[in-house]
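# Examination of the molecular architecture
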Amino acid sequence: MLYLHAPAGEERWCAAFRAAAPELRIVTAADRPDRAAVRYFAGWAPPAGLIGSFPNLRAVFALGAGVDKFLQLSDLSPALPLIRLVDAGMARQMIEYALFGVLWFQRDFDSYAEARHRAEWRAETAWAAERTRIGVLGLGALGGQVARALAGFGYPVAGWRRSGPPVEGVRTLTGTDGLAELLAESDVLLALLPSTPDTRGLLDAAALSRLPKGAGVVNMGRGDQLDPAALLGLIDAGHLRGAVLDVFAAEPLPAESPLWRHPRVLVTPHVAAATLPEPSARQIAENIRRIKAGQPAAGLVDRSCGY
Ligand code: NDP
Ligand code: OXD
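Rules used in this analysis
- Residues numbered from 1 in each chain as written.
- Chains lettered and ligands numbered in written order.
- Predicted model: local features only at pLDDT ≥ 70, side-chain atom pairs only at ≥ 80, totals over all residues.
- Heavy atoms only, no water.
- Helix = DSSP H or I, 4+ residues; strand = E, 2+ residues; numbered from the N terminus.
- Core = buried A, V, L, I, M, F, W, Y, C linked by side-chain atoms within 4.5 Å.
- Buried < 20%, exposed > 50% of the residue type's maximum accessible area, 1.4 Å probe, protein only.
- Pairing = 2+ DSSP bridges.
- Axes fitted to C-alpha atoms, helices over the stretch in contact; angles between N-to-C directions.
- Contact = heavy atoms within 4.5 Å.
- Near = heavy atom within 4 Å.
- Polar contact = N/O pair within 3.5 Å; in protein donor to acceptor, adjacent residues only side chain to side chain.
- Areas by Shrake-Rupley, 256 points an atom, 1.4 Å probe, with all protein chains shown as cover.
- Nonpolar A, V, L, I, M, F, W, Y, C, P; charged D, E, K, R; others polar.
- Salt bridge = Lys/Arg side-chain N within 4 Å of Asp/Glu carboxyl O.

### A look at unusual backbone geometry
In the segment running from Glu 251 into Pro 252, the intervening peptide bond is cis, with an omega of -5°. Of note, the phi angle at His 270 is positive, near 50°, even though the residue is not glycine. You can see His 270 is positioned in the loop between strand E12 (265–267) and helix H10 (277–292).

### Examining the nonpolar core
Formed by 53 residues in total, the largest nonpolar core has its most connected members in Leu 2, Leu 4, Phe 17, Ile 134, Leu 150, Leu 190 and Met 220. Among the elements that take part in this core, helix H3 (residues 90–106) stands out by supplying nine residues, more than any other. Residues Leu 137, Leu 182, Ala 215 and Ile 235 belong to the second largest nonpolar core, which totals 31 residues.

### Quick look at the sheet that holds strand E10 (residues 215–219)
Across the sheet, seven strands lie side by side as E8-E7-E6-E9-E10-E11-E12; this open sheet has parallel pairing. In this open sheet, the two edge strands, each paired with only one partner strand, are strand E8 (171–173) and E12. Ignoring which end each strand starts from, the neighbouring axes of this sheet average 15° apart. Judged from the four bridges that link them, strand E6 (residues 134–137) and strand E9 (residues 188–191) form a sheet pairing that is parallel. Within E9, the position partnered with Val 136 by the bridge is Leu 190. Contacts from H3 reach E6, E9, E10, strand E11 (240–245) and E12 within the one sheet, and its direction differs from that of E11 by about 155°. The strands touched by helix H6 (residues 175–184) within the sheet are E6, strand E7 (157–160), E8 and E9, with E7 carrying the most contacts at an inclination of about 150°.

### Focus: the site of ligand 1
Residues in contact with ligand 1 amount to 30 residues; listed here are only the nearest, Arg 84, Arg 161, Ser 163, Gly 164 and Tyr 307. Measuring from a nitrogen atom of ligand 1, one finds a side-chain N or O atom of Asp 246 at 2.9 Å. Taking Tyr 307, its side chain carries an N or O atom lying 2.5 Å from an oxygen atom of ligand 1. Burial of ligand 1 by the surrounding chains reaches 93%, relative to a free accessible area of 940 Å². When its residues are assigned to classes, the shell around ligand 1 shows 15 nonpolar, nine polar and six charged.

### Examining the pattern of salt bridges
Per the stated rule, a full pass over the model turns up 17 salt bridges. Where Arg 289 meets Glu 23, a salt bridge forms, and the shortest distance between an N and an O atom there is 3.1 Å. Highlighted residues: Arg 289 in helix H10 and Glu 23 in the loop between helix H1 (10–20) and strand E2 (26–27), separated in sequence by 266 residues. What makes Glu 23 partly exposed here is its relative accessible area of 44%. For Arg 122, the salt bridge is made with Glu 124, and the minimal N-O distance between the two is 3.3 Å. A relative accessible area of 49% places Arg 122 in the partly exposed class.

Following this line, the structure appears as structure tokens:
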């Protein structure tokens, strides 16, 4: 039996799971299931205590790529496999969002968005793609595809990862020196890192100051990596050009946040890549089959690294 705690659109999620895993009984809170009979949990933002209320779970599936909120749950046993979504239709959306973020700066759409308020008709001189250096923080299931896609469009792309192999067509860097090198050479910085003890607060004033003058920042990973006050300070000082932000330390972004009102910051409400029920359910169903067959599941979270 699989217990589903869907983020929204429960009916569509149930239908997707029933189609992907006809061998499983899919239940939700409304079914008031026998909790001892539940073997698998699939959900997003579960309230504290929910996962712990199932005594016989074999695995927990996050209906998302980032598992930081799951790892904060005290009722999630460290012995229980925690499995995240790997791409499942999100990479394509991330590529679209990343390309938008790059073009926002490269083709001066940020300037035109401001100029319209002054009815000012003035053409800027756009940078060529070949001269727009892109830095991608995080070269995983999503960042790796974003980096490759942008390289395919002719941008010089560098990427930063913890320990994984180089990505073809992307100058792949690691470690503190690698990060400093990437920051110093990124006209547009794209952040696609998970939230972990090592990445929280990474983009502070010192790191952001390393970006070249006039650089743009796009954050699609997690909000707690970026210091908003440092970002705004560097924009106001004329060092940074602006930012496109999809993720925030507190979501929804509070109405009083200065990010909402800053003319050089574009805020989107955590929409860079939505979780799609059908491919997600297919991936989870396949993982359950693997677990039953004694094979490793794809997307198993390494608790020691936090992602
Ligand atoms: P992955 O786990 O596949 O990739 C994470 C990448 O980050 C890897 O390349 C990893 O390096 C790198 N990384 C992790 N820690 C460090 C570190 N300390 N130093 C350097 N590199 C590090 O995750 P995904 O690509 O699937 O997703 C990335 C994140 O995107 C998610 O965790 C989530 O926070 C966010 N997200 C946001 C969405 C949105 O709508 N805004 C939607 C979906 C996801 P290595 O390869 O060496 O392990
Ligand atoms: C995710 C997200 O991690 O939506 O999938 O942010």
